[in-house]
Amino acid sequence: MPISRPRTNEATTGRLWWRDGVVYQIYPRSFMDSNGDGVGDLEGIRQRLDHLVWLGVDAIWISPCFPSPMKDFGYDVADYCDIEPLFGDLGDFDRLLADAHARDLRILLDWVPNHTSDQHPWFLASRSSRDDPKRDFYVWRDPAPGGGPPNNWKAVFGGDAWELDEATGQYYLHSFLPEQPDLDWRNPEVVRAMHATLRFWLDRGVDGFRMDVIHKIAKDPELRDNPLVPGGEGRGYGSQEHVNDENHDDVHALLRGIRGVFDEYDERMAVGEVYILDPRKVSRFYGDGDELHQAFNFKLTHARWDAAEFEREVLFFDELVPEVGWPNLVLGSHDAPRHASRYDHPEHGDGRARVAAMLLLTGRGTPFLYYGEEIGMRNVEIPEDRLQDPLAWTLHPKVSRDPERTPMQWEDAPKAGFSTGDPWLPIGDTAAHNVTAQRDEPSSLMNLYRELLALRRESGALRRGSLRALPSPDGVFAFERTHEGQRAAVALNFSDAPVEVSLGQGAPGRVLHTVHGAALPDDLAKVHLPAASGICAIQG
Ligand code: GLC
């Protein structure tokens, strides 16, 4: 099999794709179903690549597409080196990769290093007997002296983090579902075996990985209890301070080992899901440029629609990320309610989604877009009998992540142009949001995304410039980005009233307004912004 690599690279273009580029996350079950079984697949993604090229993104990240019993929809991997039959096979993957690379689109896969499926052959062997050579691939412990789990750790998805295996009389650790046993990264054989799974795909030509809950791979070696949050009784996972069950300092040595694998190849990248809502801790995952290329900052997925809060969070992370690193901007994912719904306001239509798009695509750092946000997809209400996400059962139907995982709305049709079969989740409001209609409508949100992506591609200031906040009235986040004599000035009006802002002086140069057809300013000293709108001006 010939190895597929993209046409361009840093040597020929002077451009490191993941620093300059924009990543688009695809949840493979929901992007495009090519065989009518109601679940998206790799061939479906391949058929829709031209949408991504038209839009102007640089890379796609595909949530796990490996063989899996789907207890957590692919985040329970039964084989790291193959493709889940629902999604296709290795031949489909190679075709997708080659076609993507032919279009200069990179592909990131989703690596799940903290845990496997309980159906992974390693775990089947591990639980078969205490003496099995794979026993130590996982974290097994005797019951506590008086019986019961070895310590007080809780699973993120509810209940204790320990499951008793009756046959061998020991408990195994699972940070998530009992069907997702945690690997023991303190075992050098696990490290070697997991590095080999990375090489399998890097050898095949993939451009990098998103790394699932990477901060969890190192725990306290003595497995000490977590301290309790005062007054936190009854709050399950939230009742403890997670000081011993994740983010042990040894994680950094493990990350350096993983980075070593990446550095055997050219221009591959690793972005880690570091789900710790403390940017100071997250920024440590960049190391001295020898750990992750990127660590997700999820603070914005929790931010209120408030200019001061966005400004604070964006600037804080920007300052924390070391020189050798590069920040990122994330507003949505398969784990977070869609931002168009989070920030919805009855009077503004797509206004706030447009401001959010401008923030993502003009800020400093690699933007990560979540499929469907370009057409303003909202959370879809899921009737109780159609809920799929295990969190609906283990925690509460209200925390189900299904609403943000519904099929991509390609057209205004009952099955949204996603499938000819019965879609695995209900379809959202296709009349209000679909690709086909928005493509033809110059004022659509999708065309704004496209224009923003084009502007970013053309502007050195937007791709690489430094970031500095500009003084602005309450309710507005304004900033400038400068690079090699070019200046981008951006003002985002989060408020529900029109405002006037000064973004500097002189002719504004090339301007993009989130409101299609809005009057553009003659001078940056006086910029009028309607409620829930934003402007970006490039000088030089
Ligand atoms: C990550 C994934 C999430 C998954 C969990 C367990 O947080 O993003 O979808 O359920 O890890 O693997």
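Residues numbered from 1 in each chain as written. Predicted model: local features only at pLDDT ≥ 70, side-chain atom pairs only at ≥ 80, totals over all residues. Heavy atoms only, no water.

### Side note on the overall build of the chain
Then step 1. When its secondary structure is counted, the chain shows 16 helices and 18 strands.
Then step 2. For the chain, the C-alpha radius of gyration of 23 Å lies close to 24 Å, the compact-globule estimate for 540 residues.
Then step 3. Considering only C-alpha atoms, the chain reaches an extent of 75 × 50 × 50 Å along its principal axes.
Then step 4. Counting only carbon and sulfur atoms, one obtains 49% of the accessible surface of the chain, whose full area is about 20,200 Å².
Then step 5. Of the charged side chains in the chain, 57 are positive and 87 negative; the average position of the first set lies 3 Å away from that of the second. (Helix = DSSP H or I, 4+ residues; strand = E, 2+ residues; numbered from the N terminus. Rg over C-alpha atoms; globule rule 2.2 N^0.38 Å. Areas by Shrake-Rupley, 256 points an atom, 1.4 Å probe, with all protein chains shown as cover. Lys, Arg positive; Asp, Glu negative; His and termini not counted. Charge placed at Lys NZ, Arg CZ, Asp CG, Glu CD.)

### Some details on the site of the ligand
Then step 1. Surrounding the ligand, one finds 14 residues, the nearest of these being Asp72, Asp212, Glu273, His334 and Asp335.
Then step 2. Between Arg210 and the ligand, the recorded distance is 2.9 Å, taken from a side-chain N or O atom to an oxygen atom.
Then step 3. With the chains in place, 96% of the 310 Å² that the ligand exposes on its own is no longer accessible.
Then step 4. Here the residues of the shell around the ligand sort into four nonpolar, three polar and seven charged. (Near = heavy atom within 4 Å. Polar contact = N/O pair within 3.5 Å; in protein donor to acceptor, adjacent residues only side chain to side chain. Nonpolar A, V, L, I, M, F, W, Y, C, P; charged D, E, K, R; others polar.)

### Some words on the domain arrangement of the chain
Then step 1. The assigned domain composition of the chain is domain 1 (10-114 + 187-453), domain 2 (121-173) and domain 3 (465-539).
Then step 2. A C-alpha centroid distance of 29 Å is found between domain 1 and domain 3.
Then step 3. The interface is formed by 24 residues belonging to domain 1 together with 24 residues belonging to domain 3.
Then step 4. Between domain 1 and domain 3 the total buried area reaches about 2,100 Å² when both faces are included, carbon and sulfur atoms providing 72% of it.
Then step 5. Across the contact surface, domain 1 and domain 3 share one salt bridge.
Then step 6. Residue Arg352 pairs with Asp496 through a salt bridge whose shortest N-O separation is 3.3 Å.
Then step 7. Between domain 1 and domain 3 we count six residue pairs in polar contact (both at pLDDT 80 or more) in total.
Then step 8. At the level of elements, helix H10 (307-320), helix H12 (351-362) and helix H15 (445-458) are the ones that each hand at least two residues to the side of domain 1 that touches domain 3. (Domains from an automatic or database assignment. Contact = heavy atoms within 4.5 Å. Buried area = accessible area lost by both parts, 1.4 Å probe. Salt bridge = Lys/Arg side-chain N within 4 Å of Asp/Glu carboxyl O.)

### A short note on the packing of helix H7 (residues 188-204) against helix H8 (residues 251-262)
How two helices sit against one another is set out by the angle between their axes and by the gap between those axes.
Then step 1. At a minimum axis distance of 10 Å, the contact between H7 and H8 shows a crossing angle of 30°. Classified by the interaxial angle, the pair formed by H7 and H8 is roughly parallel. As H7 packs across H8, the resulting crossing turns out to be right-handed. Between H7, through Val191, His195, Leu198, Arg199 and Leu202, and H8, the contact on the second element is made entirely by Leu254, Gly257, Ile258, Val261 and Phe262.
Then step 2. The residue inventory of the contact of H7 with H8, partitioned by class, reads seven nonpolar, two polar and one charged. (Axes fitted to C-alpha atoms, helices over the stretch in contact; angles between N-to-C directions. Parallel < 35°, antiparallel > 145°, perpendicular 65-115°, else oblique. Left-handed = near helix turned anticlockwise from the far one by under 90°.)

### Regarding the pattern of salt bridges
Then step 1. Enumeration over the complete set of coordinates arrives at 40 salt bridges.
Then step 2. A salt bridge links Asp207 to Arg5; the nearest nitrogen and oxygen atoms lie 2.9 Å apart. With a gap of 202 residues between them, Asp207 in the loop between H7 and strand S7 (208-211) and Arg5 in the segment before helix H1 (10-13) connect regions that are remote in the sequence.
Then step 3. Accessibility expressed as a relative area gives 0% for Asp207, which makes it buried. (Buried < 20%, exposed > 50% of the residue type's maximum accessible area, 1.4 Å probe, protein only.)

### Some points on the sheet that holds strand S10 (residues 328-330)
Then step 1. The eight strands are arranged S9-S8-S7-S3-S2-S1-S11-S10 in an open sheet whose pairing can be described as parallel. Bordering the open sheet on either side are strand S9 (294-295) and S10, each of which pairs with just one other strand.
Then step 2. Where strand S1 (residues 23-26) lies against strand S11 (residues 366-370), three bridges are found, and the strand directions are parallel. For Tyr24, the partnering residue across the bridge sits in S11 and is Leu369. (Pairing = 2+ DSSP bridges.)

### Section: the pairing of strand S3 (residues 106-111)
Then step 1. Most of S3 is tucked away, with six of its six residues classed as buried.
Then step 2. Bridge count for strand S2 (residues 59-62) against S3 is three bridges, and the pairing is parallel. Along S3, the bridge assignment pairs Ala59 with Arg106.
Then step 3. In this sheet, S7 lies alongside S3 in parallel orientation, the contact comprising four bridges. Looking at S7, one finds that Asp110 is bridged to Arg210.

### Here we look at the packing of helix H5 (residues 90-102) against H7
Then step 1. The geometry of H5 relative to H7 is characterised by a closest axis approach of 11 Å and an angle of 50° between their N-to-C directions. The orientation of H5 with respect to H7, classified from their angle, is oblique. Residues Leu90, Phe93, Asp94 and Leu97 of H5 form the contact with H7, whose participating residues are Phe200, Trp201 and Arg204.

### Considerations on the sheet that holds strand S16 (residues 510-513)
Then step 1. The strand order across the open sheet formed by five strands is S12-S13-S14-S18-S16, and the pairing between neighbours is antiparallel. Two strands in the sheet have a free side with no partner beyond their single neighbour: strand S12 (466-470) and S16. Adjacent strand axes in the sheet meet at a mean angle of 15° when their direction is disregarded.
Then step 2. Bridge analysis of strand S14 (residues 486-493) against strand S18 (residues 533-539) gives seven bridges, and the strand direction is antiparallel. Of the residues in S18, the one forming a bridge with Leu492 is Gly534.
Then step 3. Where H10 meets the sheet, its contacts fall on S12 and strand S13 (476-483), and the angle it forms with S13 comes to roughly 30°.
Then step 4. In the packing of H15 onto the sheet, the strands contacted are S16 and S18, and the crossing angle to S16 comes to about 150°.

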